[in-house]
Amino acid sequence: MLQRPLFIGSEIYRSSSYGGAHPLRVPRVSTVMDLSRALGWLPDAQYVTSPRAKPKALWAFHTPEYVSALARAERRGDVSAAERSQFHLGTHSNPVFGEMFRRPATGAGGVMLAGELLAHGGIVHVPGGGTHHGMPDRANGFCYLNDPVLAIKSLQHHGAGRVVYVDIDAHHPDGVEVGFRGDPLVRMISVHEEKRWPFTGALEEAAGGSAFNLPVPRGFNDSEMRMVLHELILPLIEYFAPEAIVLQCGSDAIEEDPLSRLSLSNNAHVEVVHALMGLAPRLLVLGGGGYNPWSVGRCWTRVWGVLNGFDAPEFMDARPERVLRGLSFEGNSRGRNPPEHWFRTLADQPNEGPVRNEIRTRIKVLRARS
Ligand SMILES: [Zn+2]
């Protein structure tokens, strides 16, 4: 049993980018590491350097042909037209870049190690893992591999039979749904924006009973997330009694994210994380989407704080503030005049609001299925 939560990170995220015009050009994991250290929240004893997964280990979900193609694309720095169409590598979403195998293999290696470290219980945070769109035989939606699927398989290999996967990223985790379709040991609960890419995850889509999909409308607020948490997520977890919970904590459902139209504050993420703690012997918190460098860095640092029992400071000292002032958001209007609170606070202003009827109705539909 782990005595304290562990943070699995890597320096590979600091210098690697998907390319200047890609949403994943912004630093994310390195911000969380720097900010957490500047706050005194990440002593060396709680930090683990992520190993890079060996190609063979990735075969737990991915086809050997695809894994070879991905490694080859990095070596060559290029893909053929045939590889592009078969494996979806070298596209706008899934570009060829310098660390296109090593970086995802580091995320995958981190989450698989987490499954091992959690064999006897505890809490692990892997903000660099969370690529929930990756398919067995192709890249998909910025995701070359599928960290959540590999994480759940590793947890199961190390003794956790029943696993609940909760996903609060703005996008539907189509790759995870494919990974556990019809599996009686895994329950996936996803809250995602309706009518948004990848356009899967309809309310009625049950994936053979393993998936509970809650599409939510634009403007989804903190009050609505609180109702989803208490009326759907927590009762389903209680009913299923999992031996492990995996939370994909993508931060692209936050108001200022450029890729979604949802309106959560990071207080919603904190409430979900806090509520899931202690509900199962093992808790693995992953990252995911999040494309505004300030929102994602502040959100995931707060998440790490919550896992350790630290409250966000009202105003930060000079050192953490310097980390946030050092970020830039080239090519996006949100980067032109960032508001002061992105530099000086970790906690967003709450965004409470009315709970809309369609959300109440959809929760009832899903509850009736359990
Ligand atoms: Zn997303």
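Quick look at the structure, then.

About the cut-offs
Residues numbered from 1 in each chain as written. Predicted model: local features only at pLDDT ≥ 70, side-chain atom pairs only at ≥ 80, totals over all residues. Heavy atoms only, no water. Axes fitted to C-alpha atoms, helices over the stretch in contact; angles between N-to-C directions. Helix = DSSP H or I, 4+ residues; strand = E, 2+ residues; numbered from the N terminus. Parallel < 35°, antiparallel > 145°, perpendicular 65-115°, else oblique. Left-handed = near helix turned anticlockwise from the far one by under 90°. Contact = heavy atoms within 4.5 Å. Nonpolar A, V, L, I, M, F, W, Y, C, P; charged D, E, K, R; others polar. Donors = N, O, S within 2.8 Å, 3.2 Å for Na, K, Ca; no water. Buried < 20%, exposed > 50% of the residue type's maximum accessible area, 1.4 Å probe, protein only. Pairing = 2+ DSSP bridges.

Section: the packing of helix α10 (residues 266-276) against helix α11 (residues 293-307)
- Following both chains from N to C, one finds α10 and α11 inclined at 30°, their axes separated by 9 Å at the closest point. When the axes of α10 and α11 are compared, the pair comes out roughly parallel. Viewed along their axes, α10 and α11 form a crossing whose handedness is right-handed. Between α10 and α11, the residues in contact are Asn-266, Asn-267, His-269, Val-270, Val-273 and His-274 and Arg-298, Cys-299, Arg-302, Val-303, Val-306 and Leu-307, respectively.
- When its residues are assigned to classes, the contact of α10 with α11 shows 6 nonpolar, 4 polar and 2 charged.

Things to note about the coordination of the zinc ion
- At 1.9 to 2.1 Å from the zinc ion lie its protein donor atoms, namely Asp-169 (OD), His-171 (ND1) and Asp-252 (OD).
- In the primary sequence, the donor residues of the zinc ion line up as D-x1-H-x80-D. A residue pair is termed long-range when its members are at least 10 positions apart, and Asp-169 in the loop between β4 (163-167) and α8 (174-179) and Asp-252 in the loop between β7 (244-248) and α10 qualify at 83 residues. The pair formed by Asp-169 and Asp-252 is uniform in burial state, with each residue classed as buried.

Thoughts on the sheet that holds strand β6 (residues 211-216)
- One open sheet accounts for 8 strands, arranged β2-β1-β3-β8-β7-β4-β5-β6; its pairing is parallel. Two strands in the sheet have a free side with no partner beyond their single neighbour: β2 (47-49) and β6. Strand-to-strand twist in this sheet, taken as the mean axis angle between neighbours without regard to direction, amounts to 15°.
- Here 5 bridges tie strand β3 (residues 122-126) to strand β8 (residues 282-286), and the two strands are oriented parallel to one another. Residue pairing for β8: Ile-123 is matched across the bridge by Leu-283.
- Its contacts with the sheet put helix α9 (residues 222-240) on β4, β5 (186-193), β6 and β7, and the angle it makes with β5 is roughly 170°.

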